[in-house]
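One-letter residues, chain by chain:
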Amino acid sequence: AGRVEISLDNGETWGTICDDSFLNTEAGVVCKMLGYQRQGAIATSQFGTGLTSQKILLDDVDCRGFETNIFNCRHSTVGVNNCDHSEDVGVSCVSTPMSDAQIHLVNGTSPREGRVEVSVDGGATWGTICDDHFNNTEAGVICASLGYERGSALAKLNSYFGGGSKSQVILLDDVYCKGNETNILACQHRPVGESNCAHVEDVGVSCLSGNVSFVIARFYDKATNLRVRLVDGPTSHEGRVEVSDDGGLTWGTVCDDGFGDMEARVCTSADMNIFFCRHNGIGEENCDHNEDVGVQCRPSKCQYITSRDLI
């Protein structure tokens, strides 16, 4: 990965390429020239500018994709351009098998959450993932690849953890996973580096703590897909109440309005389900998350606790 420089005199002098019309197809030709695969090649501007003494040798480069040399592509007359070095193009070539793509999370409050960034060149450059069609199934693949639990992963959309930098490429778009993949690149997606997104759509994930694995599975009703679990408590017997009406694909919280110890007992009963209590209707509320309800169970009783008690 780096700024592209080319020579016409066997390496005596080197010049740059202007990024006008230079896309991933052209990047693929450069990567192929260097012995890397065309697939996954990324055109980028994040490798700085050439020296003021260097010439910009190529402009308006337009490749069909099968060329073996960048000079075989259509381009302006060598040395003729309307660019400056702020437009010098760079290229990132895939240097590892796609199945070995690296992933990390940034801008989160803990190592278990953040904006998803992916590298296909051994960590030399990092790109983001667009949130189009990205949900908890895809988040689960990310979390599992990082060593966290798959089933408790949450997708965070609309640049929840901030957008990537302007120089970063959006590497993946329209990602669709079955859920059993070990790497996000193994899921269906557009060709690497192709997207119709902006960084305001960069996706993040939250891979929750080990305590979220305590899901009250006896509340899973196959006919209705209703589930209840406790999360973020110091033990598996207490935590914030989260409920799902789609079999665990997405989870929401319960507002503490009208919620007391009786409702807490229903949450942890093998014979009853909190969904069957009277309520405003799923998704209908006038609360914010500082009113999220929690439950604390002890051998003698279960009681209601506020979200502040979990901090």
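Below is a summary of the structure that appears in this document. Everything numeric in this text was worked out from a predicted model, so none of it was measured.

Criteria and thresholds
Residues numbered from 1 in each chain as written. Predicted model: local features only at pLDDT ≥ 70, side-chain atom pairs only at ≥ 80, totals over all residues. Heavy atoms only, no water. Helix = DSSP H or I, 4+ residues; strand = E, 2+ residues; numbered from the N terminus. Buried < 20%, exposed > 50% of the residue type's maximum accessible area, 1.4 Å probe, protein only. Contact = heavy atoms within 4.5 Å. Areas by Shrake-Rupley, 256 points an atom, 1.4 Å probe, with all protein chains shown as cover. Pairing = 2+ DSSP bridges. Polar contact = N/O pair within 3.5 Å; in protein donor to acceptor, adjacent residues only side chain to side chain. Patch = residues over 30% accessible without salt bridge, like charges linked within 9 Å, V, L, I, M, F, W, Y side chains within 5 Å. Salt bridge = Lys/Arg side-chain N within 4 Å of Asp/Glu carboxyl O. Disulfide = S-S within 2.5 Å.

## Some points on the overall build of the protein
No. 1: Summing up its helical and strand segments, the protein has 3 helices and 17 strands in all.
No. 2: Among the 311 residues that make up the protein, the fraction classed as buried is 48%.
No. 3: Across the protein, contacts joining residues at least 24 apart in sequence account for 63% of those joining residues at least 6 apart.
No. 4: Accessible surface computed for the protein: about 15700 Å², of which carbon and sulfur atoms make up 48%.

## Considering the side chain of serine 206
No. 1: Inspection of the secondary structure assignment puts serine 206 in strand E12 (residues 204-207).
No. 2: Classification of serine 206 as buried rests on a relative accessible area of 6%.
No. 3: Not counting chain neighbours up to four residues away, the residues in contact with serine 206 comprise Arg112, Glu113, Cys143, Ser152, Ala153, Leu154 and Lys156.

## Comments concerning the sheet that holds strand E5 (residues 56-58)
No. 1: In space, the 3 strands of this open sheet follow the order E2-E3-E5, with mixed pairing throughout. With partners counted over all chains shown, the strands left at the sheet margins are strand E2 (5-6) and E5, one partner each.

## Focus: the environment of serine 119
No. 1: Relative to the helices and strands, serine 119 is located in strand E8 (residues 113-119).
No. 2: Given a relative accessible area of 1%, serine 119 falls into the buried group.
No. 3: Spatially, the C-alpha atoms of serine 119 and valine 94 are 8.7 Å apart, while their sequence positions differ by 25 residues.
No. 4: Discounting chain neighbours no more than four positions away, the residues touching serine 119 are Ala101, Gln102, Ala124, Thr125 and Trp126.
No. 5: Within the structure, serine 119 has its side chain in polar contact with the backbone nitrogen of glycine 123 (distance 2.8 Å).

## Observations regarding a nonpolar patch on the surface
No. 1: The grouping of Met33, Leu34 and Tyr36 at the surface amounts to a nonpolar patch, some 300 Å² of accessible area in total.
No. 2: Its place among the elements puts tyrosine 36 in the loop between helix H1 (24-33) and strand E4 (42-44).

## Section: helix H2 (residues 136-145)
No. 1: Most of H2 sits out of view: 7 of its 10 residues are buried.
No. 2: Those residues of H2 that fall on the buried side of the exposure criterion are Asn136, Glu138, Ala139, Gly140, Val141, Ile142 and Cys143.
No. 3: Packing partners of the buried residues in H2 comprise strand E7 (102-106), E8, strand E9 (127-129), strand E10 (153-156) and E12.
No. 4: Positioned one or two residues after H2, glycine 147 has a phi angle of 90°, which is positive.

## Some points on the state of the cysteines
What is meant by a disulfide is a covalent connection between two cysteines, made through their sulfur atoms.
No. 1: Throughout the structure, instances matching the rule amount to 7 disulfides.
No. 2: Covalently, cysteine 18 is tied to cysteine 83 through a disulfide, its sulfur atoms 2.0 Å apart. Measuring handedness by torsion sign, the sulfur bridge of cysteine 18 and cysteine 83 sits at about -85° and is left-handed. With cysteine 18 in the loop between strand E3 (15-17) and H1 and cysteine 83 in the loop between E5 and strand E6 (90-92), this pair connects stretches of sequence that are 65 residues apart. There is no split in this pair, since cysteine 18 and cysteine 83 are both buried.
No. 3: Two residues, cysteine 177 and cysteine 187, share a disulfide whose sulfurs are 2.0 Å apart. Here cysteine 177 and cysteine 187 share a disulfide; its torsion about the S-S bond, 100°, makes the bridge right-handed.

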